[in-house]
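Breakdown of the fold
Okay, here's what each chain looks like letter by letter:
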Amino acid sequence: MTTDTMFRHDALLYAGLDDFVARTAVFVRAGLRLDEAVGVAVIEPRASALRDALGDDADHVTWMDMAEVGRNPARIIPAWQEWTESQAARAFRGIGEPIWAGRSDDEIVECVHHEALLNMAFADVPWQLLCPYDMDALGSDVIGHAHRTHPRVMDGEVERDGRNAHADDYAATLVGPSLPDVPEDAERLAFRSGELASVRALVRRLLPDAPRAHVNHAILAVSEIAGNSVVHGGGCGTITVWTEGGAFVCEVRDAGRVTDPLAGRRRPLPDQDGGRGLWMVNRICDLVQIRSGDEGTTIRLRLSEQPAP
Amino acid sequence: MRIVYADDVLRVERISPPPGVRLFGEVDLDNCAHVRSVLIAQSVETAADLYVDVGSLYFIDVAGLRTLVEAARRLQPDRRLVVSSASEELCRLVRLAGWDRTPGLVLRMVKSG
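Residues numbered from 1 in each chain as written. Chains lettered and ligands numbered in written order. Predicted model: local features only at pLDDT ≥ 70, side-chain atom pairs only at ≥ 80, totals over all residues. Heavy atoms only, no water.

**Some details on the overall build of chain A**
A count of helices and strands for chain A gives ten helices and twelve strands. Taken against the 2.2 N^0.38 rule, which gives 19 Å for 309 residues, the C-alpha radius of gyration of chain A at 20 Å falls within 12% of a compact globule. Its C-alpha atoms put chain A at 60 × 40 × 40 Å along the principal axes. Per-residue burial over chain A gives 55% buried out of 309 residues. (Helix = DSSP H or I, 4+ residues; strand = E, 2+ residues; numbered from the N terminus. Rg over C-alpha atoms; globule rule 2.2 N^0.38 Å. Buried < 20%, exposed > 50% of the residue type's maximum accessible area, 1.4 Å probe, protein only.)

Below, the structure is given as C-alpha cells:
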C-alpha cells in the first residue's frame with residue numbers, strides 16, 4: 001500500500017501563535033493548490049489568526065469551531081466523518097486541534113483517546129489530518145501522548161516517527177486510566193429492569209432548581225445509560241450522581257462489557273436497531289468516559305448547564 | 001376515550017376518531033411495550049392514519065422514540081403515524097437519533113395560541 005491510500009495523521013508541535021499560523025497556512029495552501037477540500041477545526045484566537053493570514057484563501061476552507069464541535073471530544077470523529085463523506089470524489093485534508101491549554105484533566109484523557117481512535121475510525125480513508133499541539137502552553141505529558149497517538153510528528157523543522165496505530169491502542173481506550181474517585185457524599189441508587197423511573201426521579205431530586213432544558217438532558221442521558229445496563233449489562237446496575245462546579249455528573253456501573261472502542265461515535269443508520277443510546281448521550285453531554293473490563297463497565301457523564309448544540 | 005394502561009409513570013388513552021393514543025407522563029424502555037401493543041392493535045383495526053398525542057408527555061427516551069418510529073414503519077405506505085403536540089425538544093431528539101426522515105412518521109409541533 002502506498003501512503004496515498006492511507007490515513008496520514010500527523011502531530012504538529014508548534015510554539016506560539018505566529019508559529020501556528022505560519023505552519024498551518026502552508027498546509028492549507030498546499031491543499032488548495034491541489035484542489036483538495038480543506039477543513040480547519042481549531043479554537044480562538046488561532047482560528048481568526050489563520051483566517052487573517054490566509055486572506056481570500058480562507059473563503060475556500062471549511063471552518064469548524066473546535067470549542068463547540070470538540071466540547072465533548074467524542075463528537076469530533078463523527079464531525080470529521082460527516083465532512084469527509086460529503087466530499088464525494090474530491091481529495092481532502094484537515095487541521096484538528098482537540099487539545100488546548102485550559103482543558104480539564106478528564107477532558108485531556110478523553111482527547112488522547114480520541115486521537116488514538118482517529119487512527120481506527122479513518123484507517124481506510126486516504127486523507128491527511130494535522131493536529132497542532134502548542135509546545136508553549138501544554139505540558140510535556142500531553143506532548144508525550146501526541147508522540148504515541150500520531151504515526152508522524154512534525155517537531156520544528158524535523159519530522160519524527162511517532163507510534164504506528166495498533167489495535168491494542170484502541171482497546172486500551174476502554175481500559176484506563178481509572179476515573180477520579182466519586183465524592184463520598186454522592187447519592188447512590190441500585191436499579192434493575194422496571195425501575196428506570198426511579199433513576200430519573202433521583203436526577204430530578206439532585207437538580208431541583210436547574211433550568212428545565214438542563215434537567216431534561218441530564219434525565220435523558222442517565223436514562224439511556226441505565227437502559228443500556230438493563231438491556232446489555234446484566235439487567236441491573238448502580239447509579240451515582242453528584243454536582244461538581246455547576247456541572248451534573250453521573251456514573252453508572254453494571255456487569256456488561258463494552259468491546260467497541262468507537263461505541264457512541266458512529267452516526268446510527270436510520271433503520272439500525274441498537275447503538276443509539278451512547279450516540280445520543282455523546283450529543284447531549286460535555287464528557288463521556290467509558291471504562292470496561294472483566295469486572296464490568298463504568299460510564300461517567302458530565303453535563304454543564306450550557307445548552308447542548 | 002378509554003384508558004388502556006395506567007400506572008404511576010405512564011397513562012395510555014385510546015382515542016378515536018381519529019384513531020390513536022394520547023400519552024401522559026413518561027415513556028421509556030420499561031413501559032414502551034404498552035404503547036407498542038395499542039398502536040399495533042389500532043393499526044389493524046382501521047386503515048386510517050394513526051395519531052399519537054404527546055402534548056401531556058414530559059419524558060420519552062430512545063426506546064420510546066423507537067416505538068413510534070417502528071409503528072410508523074409498520075403502516076402501509078399510504079398511511080402515516082402523526083405525532084401531535086410534539087415539543088421542540090422531542091423533534092430535536094428525533095433528529096439527533098437520525099429518525100427525522102422516517103417514512104410515514106409525521107411530527108406536528110405544539111401550536112402556540
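On we go.
**Focus on the packing of aromatic side chains**
Residue and element names in this part refer to chain A. A full pass over the atoms with the stated rule returns eight aromatic pairs over all chains. Ring geometry for Trp80 versus Trp83: centroids 5.7 Å apart, planes at 70°, classification edge-to-face. Of this pair, Trp80 and Trp83 both sit in helix H4 (residues 76-85), three residues apart, which is roughly one turn of the helix. Here Trp80 and Trp83 have matching classes, each one buried. An aromatic cluster of three or more residues is present, and its members are Phe7, Trp80, Trp83, Phe92, Phe122 and Trp127. Residue placement shows Arg46 over the ring face of Phe20; its charged tip is 6.0 Å from the ring centre. Over the face of the ring belonging to Trp100 we find Arg103, whose NZ or CZ atom lies 3.9 Å from the ring centre. (Phe/Tyr/Trp six-rings, centres within 6.5 Å; stacked < 30°, edge-to-face > 60°. Lys NZ or Arg CZ within 6 Å of the ring centre and 35° of its normal.)

**So, the nonpolar core**
A:Ile239, A:Phe248, A:Leu301, B:Leu23, B:Leu39 and B:Leu81 are the most contacted members of the largest nonpolar core, which totals 69 residues. The element contributing the most residues to this core is helix H9 (residues 212-232) of chain A, with nine residues. Counting residues in each nonpolar core, the second largest holds 34 residues, with A:Ala41, A:Ile43, A:Phe92 and A:Val142 among its members. (Core = buried A, V, L, I, M, F, W, Y, C linked by side-chain atoms within 4.5 Å.)

**Some remarks on the pattern of salt bridges**
Scanning all chains against the criterion turns up 29 salt bridges over all chains. The salt bridge involving A:Arg93 is made with A:Glu36; its shortest N-O contact spans 2.8 Å. Of the two residues, A:Arg93 sits in strand E4 (residues 92-96) while A:Glu36 sits in the loop between helix H1 (16-33) and strand E2 (37-42), which places them 57 residues apart along the sequence. By relative accessible area, A:Arg93 is classed as buried at 6%. You can call A:Glu36 buried: its relative accessible area is 12%. Residue B:Arg92 is joined to B:Glu89 by a salt bridge in which the shortest nitrogen-to-oxygen separation is 3.6 Å. Residue B:Arg92 and its partner B:Glu89 are both found in helix H3 (residues 88-96); the two are separated by three residues, about one turn of the helix. Classification of B:Arg92 as buried rests on a relative accessible area of 14%. (Salt bridge = Lys/Arg side-chain N within 4 Å of Asp/Glu carboxyl O.)

**Regarding the sheet that holds strand E1 (residues 2-6) of chain B**
All names here are of chain B. Taken together, the six strands give an open sheet; going across it, the order is E1-E2-E3-E4-E5-E6, and neighbouring strands pair in mixed fashion. Of all strands in the sheet, those with a lone pairing partner are E1 and strand E6 (105-109), marking the two edges. Adjacent strand axes in the sheet meet at a mean angle of 20° when their direction is disregarded. As paired strands, strand E3 (residues 20-27) and strand E4 (residues 50-60) are joined by seven bridges and run parallel to one another. Across the sheet, residue Gly20 finds its bridge partner in E4, namely Tyr51. Packing against the sheet, helix H1 (residues 32-45) makes contact with E1, strand E2 (10-15), E3, E4 and strand E5 (81-86), and its axis sits at approximately 5° to E2. (Pairing = 2+ DSSP bridges. Axes fitted to C-alpha atoms, helices over the stretch in contact; angles between N-to-C directions. Contact = heavy atoms within 4.5 Å.)

**Here we look at the confidence of the model for chain B**
Of all residues in chain B, 97% have pLDDT values of 70 or greater, and the mean over the chain is 92. Scoring the predicted complex yields pTM 0.93 and, for the interface, ipTM 0.90. (pLDDT = per-residue confidence, 0-100.)

**Overview of the sheet that holds strand E7 (residues 158-161) of chain A**
All names here are of chain A. Judged by pairing direction, the sheet is mixed, and its seven strands sit side by side in the order E3-E2-E4-E5-E1-E6-E7 without closing on themselves. Since the sheet does not close on itself, it has two edges, and those belong to strand E3 (61-65) and E7, each with one partner. Along the sheet, successive strands turn relative to each other by an average axial angle of 20°, direction set aside. Pairing between strand E1 (residues 8-14) and strand E5 (residues 128-134): seven bridges, direction parallel. Paired with Ala11 across the two strands is Cys131, which belongs to E5.

**Some remarks on unusual backbone geometry**
All names here are of chain A. The residue after Glu44, namely Pro45, is reached through a cis peptide bond having omega 5°. Assignment of secondary structure puts Pro45 in the loop between E2 and helix H2 (46-54). For Asp35, which is not glycine, the phi dihedral falls at a positive 60°.

**Some thoughts on the interface of chain A and chain B**
Between chain A and chain B, the contact holds 26 residues from the first and 20 residues from the second. Summed over both sides, the interface between chain A and chain B buries roughly 1900 Å², with carbon and sulfur atoms accounting for 52% of that surface. Three residues, A:Arg200, A:Arg276 and A:Met280, lead the burial of chain A against chain B; their summed loss comes to 25% of the area buried on that side. Of the charged contacts, one joins B:Glu26 and A:Arg200 as a salt bridge, the two residues approaching to 2.5 Å between their closest N and O atoms. (Buried area = accessible area lost by both parts, 1.4 Å probe.)

**Concerning H9(A)**
Residues and elements named next belong to chain A. In this model, H9 (21 residues) spans 30 Å end to end at C-alpha, consistent with the 30 Å of a helix rising 1.5 Å per residue. Of all the 21 residues making up H9, 15 are buried; the element is thus mostly covered by neighbouring parts of the structure. Looking one or two places after H9, you find Gly234, whose phi comes out positive at around 90°. (Expected span 1.5 Å × (residues − 1).)

**Section: the environment of B:Met1**
Residues and elements named next belong to chain B. With respect to the element layout, Met1 can be found in the segment before E1. With 104 residues separating them in the primary sequence, Met1 and Leu105 have C-alpha atoms 23 Å apart. Non-local contacts of Met1, meaning those with residues more than four positions away in its chain, are made with Glu13 and Arg14.

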